[in-house]
Structure formats: C-alpha cells, structure tokens
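Structural overview
Each chain is listed here by its residues.
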Amino acid sequence: MSFLKKIFKSENTRNVEKLEKIAKKVEDLADKYAKMTDDELKNTTVVLKERLANGEKTIDILPDAYACVREASTRVIGKRHYHVQILGGIALFQGRIAEMKTGEGKTLMETLPAYLVALEGKGVHIVTVNEYLSARDSEWMGKIFKFLGLTVGISTHEMNAEQKKQAYNCDITYSTNNELGFDYLRDNMVMRAEDRVARGYHFAIVDEVDSILI
C-alpha cells in the first residue's frame, strides 16, 4: 500500500510540493535581504513596482516580495515568518484556503500576499470578523506595510463617506465582512458614480473564512 501511495500521490501532497518549490526560492533570498540597509529594503517596493511596469507578473516577483516582507517584519515588529507561513502565504496568493491552527500566525502570514498584490496599485482588502481585529491588525501589521512605503486604511461603521473613500484609496484596506457588504450595497444605490466610496474590488484576504462564510 505504501508503494502505491508513493506512485499515486494525493492531490494535496502534490500541491504542497509545488508550494515548497516556490517557498525555497523565498528562503534562498533571505541572506540577500538581511544584508540590506533599511533604505535599501524600503526601496525594494520601488524596484518591484518597476519590474511589474516592465512586464513581469506578480508570480515572477513573488520570491523577492515575500523575502522583503519577511525581513521588514523582523526589523519592524520583531516577528519573522516561519516556513509554514510562507507556504500559507503562497496558497493565499493562489486563491486557496489555508487552514492554520490558532497561534500559528495567520495575521502575519497575510502580510505576504497583501504586500505582493498591493504592488499592482489596485488595492487589497483584508477582511476580519470584527472591528477590534481590523483596528488591531491595521495598526500592528500596518507598521510593516508603511515601512515599505505602502498606505494602510481601515473602513469602520462610524466613518462618513469621505473618510471611507480615503480608506479605500489606500494600498491596503482593513474592514469587516459586514462593513464591506454594506459599503458595496450603498455604492450601488448612489445617484452619481463619484459618490461611491470604493474604487473597485481587486484582491481580498478573508481572515477566519469559515466563520465569515457561515
């Protein structure tokens, strides 16, 4: 039976092996980014945006983007992404659901794909189950993004339209599933296009997706 398992690998095993190949590229860049000065590390955002502008795809710059965020996180908040978080971050970028147990660092893991996709300049939404988590994460993880030159916003229920518009125009916007839903509905009820608060919906990371979908 074990012999057959080796031949006919499960789909999950094959998927993990593919993730491992990409994760290794991230790990191999660790020394390169560790040797950079803070200014050089911050300038990586400019370099990666230029690579995208010159025709490369997000998947092409993923190893550098993830390695950059990993090093920035180590310096700014004193937390370094573990290998399993890199794997999870790649899975999220691919549009998959990444299951992690409490304490394994889902919040930190989300910074990897969020930074990468935000480099496209179309906005990233990070969806949480309540406004406490939105506020906490936007402040805590926001330090990493801001260090790397990105803007961070938060949309909450007490904000007016102009404040929400500013939040949605940021590179990364935190909010709850409820608030995002109501903002979407309100945007579809306005009489003028310029009164909409959201600029569009490009890429979202949903925290505790099982709870939110239920």
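Computed from a predicted model, the values in this text were never measured in an experiment.

Before going further, it helps to spend a moment on the layout of surface pockets. Gaps left between atoms are located by rolling a probe of water-molecule size over the structure's atoms. Reported here for the largest pocket is a volume of approximately 390 Å³. When contributions to the lining of the largest pocket are tallied by element, the ones reaching two or more residues are α7 (106-109), β4 (204-206) and α13 (209-213). When residues of the lining of the largest pocket are assigned to their parent elements, the largest contribution, three residues, is made by β4. Classifying every residue of the lining of the largest pocket gives 10 nonpolar, one polar and seven charged.

Attention now moves to the environment of Asp 207. Summarising the element assignment, Asp 207 is placed in the loop between β4 and α13. In sequence terms Asp 207 and Leu 133 are 74 residues apart; their C-alpha atoms lie 9.8 Å from each other.

Tallied over the full model, the rule gives one cavity of 30 Å³ or more. What the largest cavity holds in volume is close to 40 Å³. Lining the largest cavity are Val 26, Ala 30, Tyr 33, Ala 67, Arg 70, Glu 71 and Arg 80. Broken down by element, the residue count for the lining of the largest cavity peaks at three residues, all from helix α5 (residues 58-76). For the lining of the largest cavity, the residue count by class is four nonpolar, no polar and three charged.

Before going further, it helps to spend a moment on the pairing of strand β3 (residues 172-176). Across the five residues that make up β3, a large majority, five, are buried. Every second residue of β3 is oriented toward a common face, with Ile 172, Tyr 174 and Thr 176 on one face and Thr 173 and Ser 175 on the other, all of them buried. The sheet contact formed by strand β2 (residues 152-154) and β3 spans three bridges and is parallel. Residue Ile 154 lies in a different strand from β3, and its bridge partner there is Tyr 174. With helix α11 (residues 161-168) bridging β2 and its parallel neighbour β3, the resulting β-α-β unit is right-handed.

About the criteria used
- Residues numbered from 1 in each chain as written.
- Predicted model: local features only at pLDDT ≥ 70, side-chain atom pairs only at ≥ 80, totals over all residues.
- Heavy atoms only, no water.
- 1 Å grid on protein atoms, 1.4 Å probe; cavity = no way out; pocket = protein on both sides within 12 Å on 5 of 7 lines; lining within 4 Å.
- Points joined across faces, edges and corners; volume = space filled by probe spheres on them.
- Helix = DSSP H or I, 4+ residues; strand = E, 2+ residues; numbered from the N terminus.
- Nonpolar A, V, L, I, M, F, W, Y, C, P; charged D, E, K, R; others polar.
- Buried < 20%, exposed > 50% of the residue type's maximum accessible area, 1.4 Å probe, protein only.
- Pairing = 2+ DSSP bridges.
- Right-handed = clockwise from strand over helix to strand, strands pointing away.

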